Amino acid sequence: MEEQEQQHAQHVRSTARRDQLTLYQTLAQKQWHESKAFEVNAKSTKEDEKTIKFFGNFPYPYMNGLLHLGHAFSLSKLEFASAYHRLKGENVLFPFGFHCTGMPIKACADKIEKEIKTYGNPPIFPSM
């Protein structure tokens, strides 16, 4: 019995590190919320017009493909650049893009429709 308890204790991991990171995240988010770190307002004074501006835009991935590491890689570069420019005191605008012509979604729907006609629903694929 004692041997089983020791084996179980080895498999149970401490959550102290996770809990500490969660605490840091909560504190940082509270500070960002209070300082409005991620809010951007239109500037209208001559003094504010002298502030260097940084604009980054990253569109949502289209629906006709799967998410892959390239999406995260590209987004993380822009997110890092935005944070860097914000720390330098620049006026940063980093919205997520909403551009979509509808054609990728239409192409995806057509592909699904063709697969259903060809293989049925649920699909029965031919064996090789």
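Residues numbered from 1 in each chain as written. Predicted model: local features only at pLDDT ≥ 70, side-chain atom pairs only at ≥ 80, totals over all residues. Heavy atoms only, no water.

A word on the overall build of the chain. Tallying secondary structure elements over the chain gives 5 helices and 4 strands in all. Sequence-ordered secondary structure for the chain, helices as α and strands as β, is α-α-α-β-β-α-β-β-α. Residues counted as buried form 9% of the 128 residues belonging to the chain. Contacts in the chain between residues far apart in sequence, at least 24 positions, make up 70% of those at least 6 positions apart. As presented, the chain carries roughly 11,700 Å² of accessible surface, and 60% of it is formed by carbon and sulfur atoms. (Helix = DSSP H or I, 4+ residues; strand = E, 2+ residues; numbered from the N terminus. Buried < 20%, exposed > 50% of the residue type's maximum accessible area, 1.4 Å probe, protein only. Contact = heavy atoms within 4.5 Å. Areas by Shrake-Rupley, 256 points an atom, 1.4 Å probe, with all protein chains shown as cover.)

Moving on: the layout of surface pockets. As a volume, the largest pocket reaches approximately 240 Å³. Contributing to the lining of the largest pocket are Trp32, Ala37, Phe38, Glu79, Ser82, Ala83, Arg86, Leu87 and Phe94. Sorting elements by how many residues they give to the lining of the largest pocket places helix α4 (residues 69-87) first, with 5 residues. (1 Å grid on protein atoms, 1.4 Å probe; cavity = no way out; pocket = protein on both sides within 12 Å on 5 of 7 lines; lining within 4 Å. Points joined across faces, edges and corners; volume = space filled by probe spheres on them.)

On to the pattern of salt bridges, then. Applying the stated criterion to the full structure yields 4 salt bridges. Close ionic contact of glutamate 90 with lysine 88 constitutes a salt bridge, the shortest N to O distance being 3.3 Å. Judged by relative accessible area, glutamate 90 falls into the buried class, the value being 12%. In this structure lysine 88 comes out as partly exposed when scored by relative accessible area, which is 47%. Close ionic contact of lysine 117 with glutamate 113 constitutes a salt bridge, the shortest N to O distance being 3.8 Å. Here lysine 117 and its partner glutamate 113 are both found in helix α5 (residues 103-119), 4 residues apart, which amounts to about one turn of the helix. Residue classification places lysine 117 among the exposed residues on the basis of a relative accessible area of 67%. (Salt bridge = Lys/Arg side-chain N within 4 Å of Asp/Glu carboxyl O.)

What follows is about the confidence of the model for the chain. Per-residue pLDDT for the chain has a mean of 79; in total, 73% of the residues score no lower than 70. Mean pLDDT across the secondary structure elements of the chain bottoms out at strand β4 (residues 96-97), with 64, and peaks at helix α2 (residues 16-35), with 91. (pLDDT = per-residue confidence, 0-100.)

Moving on to the environment of alanine 83. Note that alanine 83 resides in helix α4. Given the relative accessible area of 34%, alanine 83 is considered partly exposed. Residues alanine 83 and alanine 37, 46 residues apart in the sequence, show an inter-C-alpha distance of 9.9 Å.

A few words on α2. Look at α2: 29 Å from first C-alpha to last across 20 residues, which is about the 28 Å you get at 1.5 Å a residue. Downstream of α2 by one or two residues, lysine 36 has phi in the positive range, about 55°. (Expected span 1.5 Å × (residues − 1).)

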